[in-house]
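Observations on chain architecture
Listed below are the residues making up each chain.
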Amino acid sequence: MPSVRVRVAALLHSYTGGAAVIEVESGTAAEVMAALDRRFPGLAFRVIDEQGQVRPHMKIFLGEEMLRDLRTPVPPGSEIFIVGSLSGG
Amino acid sequence: MTQPIAPAGANAWILGTRKGAWPLRRPADGGKDWRLEEPWFFGCQVHHLVQDPRGAGTMLAAVRTGHLGPTVYRSTDGGRNWKEAGRPPAFRKKEEYASSSLAADDQRRQGLTVDHVFFLSPGHASQPGVWYAGTSPVGLFKSEDDGVTWSGVPGFNDCAALAQWCYNFAPGTPEGPKCHSVQVDPANPKRIMLALSGGGVFLSEDQGASWRPVNGGVAMDFAPPREDGSEYEFGHDPHDVVIHPANPRCWYHQNHCGIYRLDWKHGAREARWRRIGDNMPKDVGDIGFPMTCHPKDDKACWVVPMDGGTVWPRTSVAGKPAVYRTRDGGESWQRLDRGLPPRAWYTVLRQAMAHDGGEPLGLAFGTTSGDLWWSGDEGDSWSNLARALPRITSVTAARLG
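Let me sum up the structure you'll find in this document. (Residues numbered from 1 in each chain as written. Chains lettered and ligands numbered in written order. Predicted model: local features only at pLDDT ≥ 70, side-chain atom pairs only at ≥ 80, totals over all residues.)

So, about the overall build of chain A. The helix and strand tally for chain A stands at 3 helices and 7 strands. Going residue by residue from the N terminus, the α and β elements of chain A occur as β-α-β-β-α-α-β-β-β-β. Whereas a compact globule of 89 residues would reach a radius of gyration of roughly 12 Å, chain A reaches 12 Å, a difference of no more than 12%. Its C-alpha atoms put chain A at 40 × 25 × 25 Å along the principal axes. The 89 residues of chain A split such that 28% are buried. For chain A, the share of sequence-separated contacts (at least 6 apart) that also reach a separation of at least 24 residues comes to 51%. (Helix = DSSP H or I, 4+ residues; strand = E, 2+ residues; numbered from the N terminus. Rg over C-alpha atoms; globule rule 2.2 N^0.38 Å. Buried ≥ 20, exposed ≤ 12 C-beta atoms within 10 Å, placed from the backbone. Contact = placed C-beta atoms within 7 Å.)

So this is what it looks like as structure tokens:
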């Protein structure tokens, strides 16, 4: 199955068992997050709130581009970064 | 007060702070060397951490990191291991309100997101495994499986009047509006009380299906007097409200505008608060955050006055920290400052004072400057047990193995 690589920042490693890079099946960004959550329950809710929005201090990048719309397709072979944003101080 | 009934045999204080929770354990030999243990949830904000006084003593923690949002953790082994709730408190999606009768500008139609879980409360003794959680923005959530999964209480969260009660969820309180002081009446599991900052005190007599305000007699100095001279029914700012565990007809209340007591007459539907803070020294006043009640004596409680004048510094009045105690239901108050620093300007937040259920009753309060003060003689004297911790947001008693 075509897959994408997801790099997760250290603040989520407690959910991934320490894994920093995870491969999941490709799809939209929302589907990638859902696939991550199936493997690591609870992770998606730490990044996306109950209204389907990326939390204010989290960022999802596709390559170098910050994703604002989770319906964005994530092509096979591409890489997603989930990071905590710089929030001052 | 965040814990009207302490777990039996409590041997530790749990300090929830801006950067984690610290257990502070009483020495087994009864000596003076309390032991500050390594933190739980280091780096995360812990708004509240409560051990269930019923049964096996499950502990729940309301935890938030700056980045990852809010959640609830639970421990069934006295804090040795923690596991995140399988379904933390979360509001309904905005789409679910599309065909509701809520007003067009009701914020629930735009979609509310839990910013933090603020308050955790074990349910009635006859309902083991039931817990309630109050959140910011204001919301009430319930767990029926000992904190593993949480659902909104629809009678409250979907109530059309809620938007009026809580200023349409607008932030008015530092760090956001709050639902707190959730308590089930020990004498009647159908009777639930909660408080909104701002919004007022509310009561349900049908296990949360419907609610009504209980604010008669409470001042609201921050709103203009009504032209017809009537009282505001809601919109008040309760800081901490307690159903007295030994006398549930007696409620105590530290408000933004004074200290109050309410005595329900048998079978009455209405009751009015009486401002017992009028009996405090005038130069100290009756503004503060925590209200701590003796678990067996319904005439004894403790408050921590703060400066509510001018620009509301919220610090010790005149820079002279003191706890005040009443033993006669608020008719008179006694200043208790032996052992406390002569000058200090800290704040004691609403969830940062607790008792341990012991005899004599042990008391502790934490400060925004990260100090923990303890009294083993019901407040007559105070000792410092911890210094220089992060900002303390919550203090509770626990029984650790």
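So that's the structure; there's more coming.
Attention shifts here to the environment of A:Val47. Summarising the element assignment, A:Val47 is placed in helix α3 (residues 43-47). In this structure, A:Val47 is in contact with A:Met33, A:Val54, A:Arg55, A:Met58 and A:Ile82, ignoring residues within four places of it in sequence.

This part covers the sheet that holds strand β27 (residues 383-386) of chain B. All names here are of chain B. A sheet is described by the order of its strands in space; here 4 strands give the open sequence β24-β25-β26-β27, paired in antiparallel fashion. Where the open sheet ends on each side, the last strands, each with one partner, are β24 (353-355) and β27. On average, each strand axis in the sheet is tilted by 25 degrees relative to the strand beside it, whichever way the strands run. Note: strand β26 (residues 372-375) against β27, 3 bridges, orientation antiparallel. Its bridge partner being in β27, Leu-372 is matched across the sheet by Ala-386. (Pairing = 2+ DSSP bridges. Axes fitted to C-alpha atoms, helices over the stretch in contact; angles between N-to-C directions.)

Residues and elements named next belong to chain B. Spatial strand order, β8-β9-β10-β11: 4 strands in an open sheet with antiparallel pairing. The open sheet has two free edges, formed respectively by β8 (116-122) and β11 (151-152), since each of these has just one partner strand. The pairing of β8 with strand β9 (residues 131-136) spans 6 bridges and is antiparallel. Its bridge partner being in β9, Pro-122 is matched across the sheet by Trp-131.

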